[in-house]
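One letter stands for each residue in the lines below.
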Amino acid sequence: MNESNPGNNYEQPPISAVTRYYADINYADGSYATIVMAVDSLLESLPFKSDLRVDSLGSEFLPLEWKVELEPRIATERLSLLPLAHIGPQLDKSDCPTAEIKKWYDHALTGVRRRTGDNHDNSCLESGNAQHLMCKSSTICPQRFMERYVSDDLMHPDFSDDRYQTDPSRMYTITSDKLELAIKHGIILKEFGETLKKSYANEWHKRFQA
């Protein structure tokens, strides 16, 4: 009696919208129309209600057509950061389940790493003034941007924010999850991350668990 191979019936889970976005801009090959369609598709597939539209995004992270043509590496870096710069803050404020938020960030950070990792890594954090986002290769360094994006929530949390007042545990989870992912993806060194987490946790417990 022949038994079927379970692998033959296995179906891979559908690719997430944010992962698809990074694949689309990777294969766009400089086609501005394809890039715009990729951004539009991402905005239409967000896991929460949003009023973000392609024509409402600034040119800093959705480069103009001539920049895509003349500065393809820089354009790729900005497009890679677009999900964090434009969508991340709204995602944090949404009512999306925290597990879905964590998954979204995991896929976004994976995408940024794959698209920019050849030119940017932890060595970028050692170049120049720590207060700006510039490194030796880019005026907005993806490594520095990701590190700042994650660490600011831990170093300078706004505990007066309405979200902390209504559901402090949710904010703690979102902030902690982003740090965990930053360590996983090599954006923040583990030792530094643990120090940030301890400081944040201590302050959070003083305010909400006292």
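Residues numbered from 1 in each chain as written. Predicted model: local features only at pLDDT ≥ 70, side-chain atom pairs only at ≥ 80, totals over all residues. Heavy atoms only, no water.

**Student:** Can you tell me about the environment of Ser-56, naming the residues and giving the values?
**Tutor:** Relative to the elements of secondary structure, Ser-56 occurs in the loop between helix H2 (32–44) and helix H3 (65–70). Of the residues examined, Ser-56 reaches a relative accessible area of 47% and is grouped as partly exposed. Expressed as a C-alpha distance, the spacing of Ser-56 and Lys-93, which sit 37 residues apart in the sequence, is 19 Å. A polar atom in the side chain of Ser-56 sits 2.7 Å from the backbone oxygen of Arg-53. (Helix = DSSP H or I, 4+ residues; strand = E, 2+ residues; numbered from the N terminus. Buried < 20%, exposed > 50% of the residue type's maximum accessible area, 1.4 Å probe, protein only. Polar contact = N/O pair within 3.5 Å; in protein donor to acceptor, adjacent residues only side chain to side chain.)

**Student:** Residue-level account of the environment of Pro-72, with values.
**Tutor:** Position of Pro-72 relative to the elements: it lies in helix H4 (residues 72–93). Exposure remark for Pro-72: the relative accessible area of 47% places this residue in the partly exposed category. Separated by 43 residues in the primary sequence, Pro-72 and Asp-29 have C-alpha atoms spaced 9.3 Å apart.

**Student:** Break down the pattern of salt bridges for me, with residues and values.
**Tutor:** For the structure on display, the rule yields 10 salt bridges. Between Arg-73 and Glu-77 there is a salt bridge; the shortest N-O distance is 2.6 Å. Here Arg-73 pairs with Glu-77, and both are found in helix H4, just four residues apart, close to one helical turn. We classify Glu-77 as buried; its relative accessible area is 2%. (Salt bridge = Lys/Arg side-chain N within 4 Å of Asp/Glu carboxyl O.)

**Student:** So what's going on with H4? Which residues, and what values?
**Tutor:** Three- or four-residue spacings in an α-helix give side chains the same orientation, since the helix completes a turn every 3.6 residues. In this model, H4 (22 residues) spans 32 Å end to end at C-alpha, consistent with the 32 Å of a helix rising 1.5 Å per residue. Helix geometry: H4 is bent most strongly at Ile-87, by close to 50°, with proline Pro-89 lying one to four residues after it. (Expected span 1.5 Å × (residues − 1). Bend = angle between axes of the 7 residues up to and from the residue.)

**Student:** Talk me through the side chain of Gln-143; I want residue IDs and the actual numbers.
**Tutor:** Structurally, Gln-143 can be placed in helix H6 (residues 142–155). For Gln-143, a relative accessible area of 0% puts it in the buried group. Setting aside residues no more than four positions away along its own chain, Gln-143 makes contact with Arg-113, His-120, Asp-121, Asn-122, Cys-124, Leu-125, Gly-186 and Ile-187. (Contact = heavy atoms within 4.5 Å.)

**Student:** Before we move on, could you go through the packing of helix H5 (residues 98–116) against H6 and cite the residues and values that matter?
**Tutor:** Between H5 and H6, the shortest axis-to-axis distance is 10 Å and the interhelical angle comes to 160°. Viewed along their axes, H5 and H6 adopt a mutual orientation that is roughly antiparallel. The element H5 and its partner H6 pack so that their crossing is left-handed. Taking contact as the criterion, the partners of Tyr-105, Leu-109, Val-112, Arg-113 and Thr-116 in H5 are, on H6, Pro-142, Gln-143, Met-146 and Tyr-149. (Axes fitted to C-alpha atoms, helices over the stretch in contact; angles between N-to-C directions. Parallel < 35°, antiparallel > 145°, perpendicular 65-115°, else oblique. Left-handed = near helix turned anticlockwise from the far one by under 90°.)

**Student:** Any details on H5? Residues and values, ideally.
**Tutor:** Here H5 contains 19 residues, and its C-alpha end-to-end distance of 27 Å stays within 8% of the 27 Å for a straight helix at 1.5 Å per residue. Within H5, the full set of buried residues consists of Ile-101, Trp-104, Tyr-105, Asp-106, Ala-108, Leu-109, Gly-111, Val-112, Arg-113 and Thr-116. Close packing links the buried residues of H5 with helix H1 (17–27), H4, H6 and helix H8 (168–184).

**Student:** Describe unusual backbone geometry, with residues and values.
**Tutor:** Here Asp-29, not a glycine, exhibits a phi torsion of approximately 55°, which is positive. With respect to the helices, strands and loops of the structure, Asp-29 is situated in the loop between H1 and H2. A relative accessible area of 74% places Asp-29 in the exposed class.

**Student:** Kindly report on the packing of aromatic side chains, identifying the contributing residues and their values.
**Tutor:** Using the criterion set out here, one finds 12 aromatic pairs in the structure. A ring pair is formed by Trp-104 and Tyr-105, whose centres lie 5.5 Å apart and whose planes are at 90°; its orientation type is edge-to-face. Residue Trp-104 is classed as buried on the basis of its relative accessible area of 7%. Of the residues examined, Tyr-105 reaches a relative accessible area of 2% and is grouped as buried. Arranged with centres 6.1 Å apart and planes meeting at 50°, the rings of Tyr-105 and Tyr-149 form a pair that is tilted. Separated by 44 residues along the polypeptide, Tyr-105 in helix H5 and Tyr-149 in helix H6 bring together distant segments of the chain. (Phe/Tyr/Trp six-rings, centres within 6.5 Å; stacked < 30°, edge-to-face > 60°.)

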